[in-house]
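# A look at the structure
If you want the building blocks of each chain, they are given just below.
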Amino acid sequence: AFRAKVVRNGGIYRPFNKQLCGGATSGCVEHGKMVIVDAKAVLLSTGNFDSSSLCDRAQNPKNCDRDYAYIIHYAPAIQVLGQIFERDLDGRPYDLKSILKRPGAADLTVSPYSLPPLVDLIDSARSSIDIPAQYLKDPKMNAAILAAAKSGVKVRINVASVCFFGKPSKGEATKWENTYSELEAAGAQIRVFTKNIHIGGVEGYLHAKAIVVDGRTAWVGSVNGSTQALGSNREFGVFFDGARDVQSLLRFMNGDFGNRNGESWQESLACR
């Protein structure tokens, strides 16, 4: 119905061509969350544009998501994102890597090429890394986080409950235990965001994907901690280091990490 309304009112609505993904195309999706306005501003979000992410109480969402968004006005980065959007809308395969070599692209992450810049950000940490994430499943990204923790960097991780959508399978539970027990043994602090942490007066869910390094440099984007998101999907993210913006983000992250209604990864695994 929405698609018909867009077209009827003179807009363009086209499915994403999976041939534009990196690697295998069977499971890839257009997972980015971006709004470009008048080629002068771009909103990049971790959240879907739905009632849960927007916490639209008029639509009676079952839960409201913790998500973050960042608005950029830097013209070179906006031009890069605009070019990618236009080429994706056209749907014919093109050389994305060449666009990502243009001025402004260094401030962005665009999947299927998000893994290297995010690992570089994690590797740059000297004192602290704060990560709220829906989940952490990619071996290479997890290895970078683990190496940072082992080197003495203070790592704090906040993830969504493994039981939010029901009891995990035996395989999922094993992967969860292996991932977080190893990180914890290396010194990382891990807390789980539960539905008892309310957002907008209803049950909350941690859907955000963000990284803050040394309290000074931040990244926010649509990229979940999965191999598909990092190396196959179309995803968008942005780096920023303005002190006020980074500290504002950290205030939310610190509040969630220290919330008394959170739990340990072991407690989450018990699905209590």
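Attention in this report is confined to the structure presented alongside it. Just so you know, these numbers come straight off a predicted model, no measurement behind them.

## A few points about the packing of aromatic side chains
On inspection of all chains with the given rule, the structure shows 7 aromatic pairs. For the ring pair Phe 2 and Tyr 13, a centre distance of 6.3 Å and an interplane angle of 70 degrees mean the geometry is edge-to-face. Here Phe 2, found in helix α1 (residues 2–8), pairs with Tyr 13, found in the loop between α1 and β1 (34–37); they are 11 residues apart in sequence, far enough to count as distant. Under the relative-accessibility criterion, Phe 2 is labelled exposed at 60%.

## Brief notes about the side chain of Ser 161
Along the polypeptide, Ser 161 turns up in the loop between β7 (154–160) and α7 (170–185). A polar atom in the side chain of Ser 161 sits 3.1 Å from the backbone nitrogen of Cys 163. Excluding residues within four positions of it along the chain, Ser 161 makes contact with Val 192, Phe 193, Glu 263 and Ser 268.

## A closer look at the environment of Arg 244
By secondary structure assignment, the location of Arg 244 is in helix α9 (residues 243–257). According to the relative accessible area criterion, Arg 244 is exposed, its value standing at 72%. Each C-alpha atom of the pair Arg 244 and Cys 21 lies 35 Å from the other, and the pair is 223 residues apart in sequence.

## Focus: the nonpolar core
Ranked by size, the top nonpolar core spans 43 residues in total, and within it Leu 44, Ile 72, Leu 81, Ile 84, Leu 108, Phe 240 and Leu 249 carry the most contacts. Apart from residues no more than four positions distant in its own chain, Leu 249 is found in contact with Tyr 68, Val 212, Ala 218, Val 220 and Phe 240. Counting 37 residues, the second-largest nonpolar core is a separate cluster that includes Ala 125, Ile 131, Ala 149 and Leu 183.

## Quick look at the sheet that holds strand β9 (residues 198–199)
Taken together, the 3 strands give an open sheet; going across it, the order is β3-β10-β9, and neighbouring strands pair in mixed fashion. Edge positions in the sheet fall to β3 (64–66) and β9, since each of these pairs with one other strand and no more. Pairing between β3 and strand β10 (residues 202–206): 3 bridges, direction parallel. By the bridge assignment, Arg 66 is partnered in β10 with Leu 206.

## Notes on the state of the cysteines
All told, the structure shown has 3 disulfides when counted by the stated rule. For Cys 55, the disulfide goes to Cys 64, at an S-S distance of 2.1 Å. Linking Cys 55 and Cys 64, the disulfide has an S-S dihedral of approximately 85 degrees and is accordingly described as right-handed. Taken as a pair, Cys 55 and Cys 64 share a single burial class, namely buried. Covalent S-S linkage joins Cys 163 and Cys 271, the inter-sulfur distance amounting to 1.7 Å. Here the S-S torsion is close to -70 degrees, and the disulfide linking Cys 163 with Cys 271 is therefore left-handed. With Cys 163 in the loop between β7 and α7 and Cys 271 in the segment after α10 (265–269), the pair connects residues that are 108 residues apart, well separated along the chain. Overall, the relative accessible area of 15% leaves Cys 163 in the buried class.

Conventions and cut-offs
Residues numbered from 1 in each chain as written. Predicted model: local features only at pLDDT ≥ 70, side-chain atom pairs only at ≥ 80, totals over all residues. Heavy atoms only, no water. Phe/Tyr/Trp six-rings, centres within 6.5 Å; stacked < 30°, edge-to-face > 60°. Helix = DSSP H or I, 4+ residues; strand = E, 2+ residues; numbered from the N terminus. Buried < 20%, exposed > 50% of the residue type's maximum accessible area, 1.4 Å probe, protein only. Polar contact = N/O pair within 3.5 Å; in protein donor to acceptor, adjacent residues only side chain to side chain. Contact = heavy atoms within 4.5 Å. Core = buried A, V, L, I, M, F, W, Y, C linked by side-chain atoms within 4.5 Å. Pairing = 2+ DSSP bridges. Disulfide = S-S within 2.5 Å.

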